[in-house]
Amino acid sequence: MRTQQCHGRVIAALVGCTALVLSVTGTASAHAGPRDLGRQVLAANDGWASYGTGTTGGSAADAEHVYTVTTWAEFKAALAAGGSAPKIIKVKGVIDAVAEGCDAFAAPGYDFDAYLATYSPEVWGLDTDLSAEPADSPEGLRRVSQANQDTAIKAAVPSNTTIVGIGRNAGFKGVSLQIKAVDNVIIRNLSFESPIDCFPQWDPTDGTHGNWNSEYDTAVVYGATHVWLDHNTFTDGSHPDSAAPTYFGMLYQQHDGELDIVRGADHVTASWNVFTDHDKTILIGNSDSESTAAGDRGHLKVTFHHNLFSNLVERAPRVRFGQVDSYNNHFVANGDYSYSFGIGKESQLVAEHNAFTLPEGVSAAKVLKRWNVSPLTADDNYVNGTATDLIAVHNAEIPAEVLQSGAGWTPTLRTKVDPARSVPRIVDCGAGAGRLS
C-alpha cells in the first residue's frame, strides 16, 4: 500500500489516482458514443436528471452550433446564437467576467467611504433599513452600481445546451450562470471561482448588529428542468471570506451561494463535483413562504452523488420541499464547520452511503441541522471511518431539535453505489474539473 494525494488530502490507496479516475469516471458516466465531451449525455438512471426525457444537452448540435470560446464576449454571443437549437459551447482557458475590476461597474459619484460614513450604526442606527433611500444617496448609487455588475456578469443559458471545459484548466471567474425556465442543460469539466459582489448592501435591521448582504450565486437553476452538473469545481478561489475585511463589526460578505436550485426547478443531477472553501453553499428551495411553496411542492427533485464537499461552513445542501437523494459523497470539515444537511420545510432528504471526515472536537451531531420538522432517511453513513447513525447522534446531543427518521420515499435512479468506506478514496481522486479528457 502507498499513499496518494488527491485534492490536497493524503489518503491510502491501493491504486494510483490516475487509474482510479479512469475507472470511476467511466462507471459514473457510462456514456455511449464518441469521446467528444460535447456529445456525451447523461446515462440512464443516473439521478433525477435522467428521469423522463433524460438530459442530453446540446449533444445533437449540428456543426454550425458548436463553438469554442476564450473570452466572455464570445461566450455570451455563443449562448445567444441559435436560440434553443441544440448547441455545444467549448470553453478554452479561464474566462474572467470582471477582468476590468469593480470600478468598471461603479455609478458616477459612488464613494464607498461616503457610504460607510452615512450608514455607520453610530450615525444611522440599527432600526431602519435603507430601502427608502433616494437615488442620489450613497445607497441609491450603490444600487445603480450593483445593477451595472448584475448586467455584466450574468449569463442566461438556453435550453438544449452543453457547456464543457476543454483540458485541465478551463473555467470562469466572477460569472453567474443563470439556468432559468429552460430544459435540458449540461455543465461539465469547468472550474468556477465564485463571483464577488462589488457592492454589498448594509442592512442595519438584519440580526442584532446588522449585516452585509450580497448577490450573485455561481450557478442558479431557477424553474429549469433536466440539468446535469458534472465534474466541476466551485470555489471562492482568490477571494476567500477569511481574507475579507470587517466594517461596522461585521464581515464584509461579498459571496452568495455556489449553487441554488429554486422556484420549481426539477430533475437535477450533480455528480463528481468539488464544492470547496465557501460559506452558504447550496440552497434547494429559497423560501418557506406559501407564495413560493405552491410552486415548489412536488418539484425540486435533485440527486447529489460522488461530490466532494470540502472546507464549507453550511448548506451542503439546505433543503426545502424537494425529494433530494444524496449518496456516495465525501464531506471534509474544518474548524469553521456549522453543518452539512439542512432539514427545511417539507423536505424529503435521503442521505445514504456518505463519508464524513470531521476534525477533532467536531461532533457528528453537527452533520444534520433541523430548521423544520421534516423526516429524513440517513442510513449507512460513516464518520471518520466508523459507521454512524447520524439521526441518533443528533437527537442524543441536541434534544431540543429532534429529527424523525423516514423520508417517505426510496430512490431508484442510481447507477453504481460504492461502499461508504471507500468513498473518500474514490471521490477525492475522481471529483472536480480537469478530470475528463
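Heads up: these notes are all about the structure in this document. (Residues numbered from 1 in each chain as written. Predicted model: local features only at pLDDT ≥ 70, side-chain atom pairs only at ≥ 80, totals over all residues. Heavy atoms only, no water.)

### A short note on helix α8 (residues 423-430)
Working step 1: The buried count for α8 comes to six of eight residues, which makes it a mostly enclosed element.
Working step 2: Among all positions in α8, only Val423, Ile426, Val427, Asp428, Cys429 and Gly430 are buried.
Working step 3: Just downstream of α8, Gly432 is the residue with a positive phi angle, here 105°. (Buried < 20%, exposed > 50% of the residue type's maximum accessible area, 1.4 Å probe, protein only. Helix = DSSP H or I, 4+ residues; strand = E, 2+ residues; numbered from the N terminus.)

### Section: the side chain of Thr269
Working step 1: Relative to the elements of secondary structure, Thr269 occurs in strand β18 (residues 266-271).
Working step 2: You can call Thr269 buried: its relative accessible area is 0%.
Working step 3: From its side chain, Thr269 meets the backbone oxygen of Asp46 in a polar contact 3.0 Å long.
Working step 4: In this structure, Thr269 is in contact with Leu42, Asp46, Gly47, Trp48, Ala49, Ser50, Val227, Trp228, Leu229, Thr303 and His305, ignoring residues within four places of it in sequence. (Polar contact = N/O pair within 3.5 Å; in protein donor to acceptor, adjacent residues only side chain to side chain. Contact = heavy atoms within 4.5 Å.)

### Considering the packing of aromatic side chains
Working step 1: Counted by the stated rule, this structure contains 29 aromatic pairs.
Working step 2: Seen from their ring centres, Trp72 and Phe75 are 5.7 Å apart, and the 25° between their planes marks the pair as stacked. Of this pair, Trp72 and Phe75 both sit in helix α2 (residues 72-80), three residues apart, roughly one helical turn. Side by side, Trp72 and Phe75 carry an identical accessibility label, which is buried.
Working step 3: Where Tyr339 meets Trp371, the ring centres are 6.2 Å apart and the plane angle is 70°; that geometry is what we call edge-to-face. A residue pair is termed long-range when its members are at least 10 positions apart, and Tyr339 in the loop between β25 (330-332) and β26 (341-343) and Trp371 in the loop between β29 (368-370) and β30 (381-383) qualify at 32 residues.
Working step 4: Overall, the relative accessible area of 3% leaves Tyr339 in the buried class.
Working step 5: Here the aromatic cluster, defined as three or more aromatic residues joined through ring pairs, consists of Trp72, Phe75, Phe172, Phe192, Phe234, Phe275, Phe304, Phe309, Phe331, Phe341 and Phe356.
Working step 6: Taking the ring centre of Tyr222 as reference, the NZ or CZ of Lys180 above it sits at 4.4 Å.
Working step 7: If you follow Lys369 out to its NZ or CZ, it ends over the ring of Trp371, 5.0 Å from the centre. (Phe/Tyr/Trp six-rings, centres within 6.5 Å; stacked < 30°, edge-to-face > 60°. Lys NZ or Arg CZ within 6 Å of the ring centre and 35° of its normal.)

### Focus on empty space enclosed by the protein
Working step 1: Summed over the entire model, instances satisfying the criterion amount to two cavities of 30 Å³ or more.
Working step 2: Size it by volume and the largest cavity reaches roughly 60 Å³.
Working step 3: What lines the largest cavity is Phe309, Leu312, Glu314, Ala316, Phe331, Val332, Ala333, Tyr337, Tyr339 and Ser340.
Working step 4: At three residues, strand β22 (residues 308-314) tops the list of elements feeding residues into the lining of the largest cavity.
Working step 5: Among the residues making up the lining of the largest cavity, the classes are represented as eight nonpolar, one polar and one charged. (1 Å grid on protein atoms, 1.4 Å probe; cavity = no way out; pocket = protein on both sides within 12 Å on 5 of 7 lines; lining within 4 Å. Points joined across faces, edges and corners; volume = space filled by probe spheres on them. Nonpolar A, V, L, I, M, F, W, Y, C, P; charged D, E, K, R; others polar.)

### Section: unusual backbone geometry
Working step 1: Ala316 connects to Pro317 through a cis peptide bond whose omega is -5°.
Working step 2: When you line up the elements, Pro317 lands in the loop between β22 and β23 (318-319).
Working step 3: Despite not being glycine, Leu300 has its phi angle at roughly 55°, a positive value.
Working step 4: Within the secondary structure, Leu300 is located in the loop between α6 (290-296) and β21 (302-305).
Working step 5: Judged by its relative accessible area of 0%, Leu300 is buried.
Working step 6: Although it is not a glycine, Asn384 sits at a positive phi angle of roughly 50°.
Working step 7: Relative to the helices and strands, Asn384 resides in the loop between β30 and β31 (386-388).

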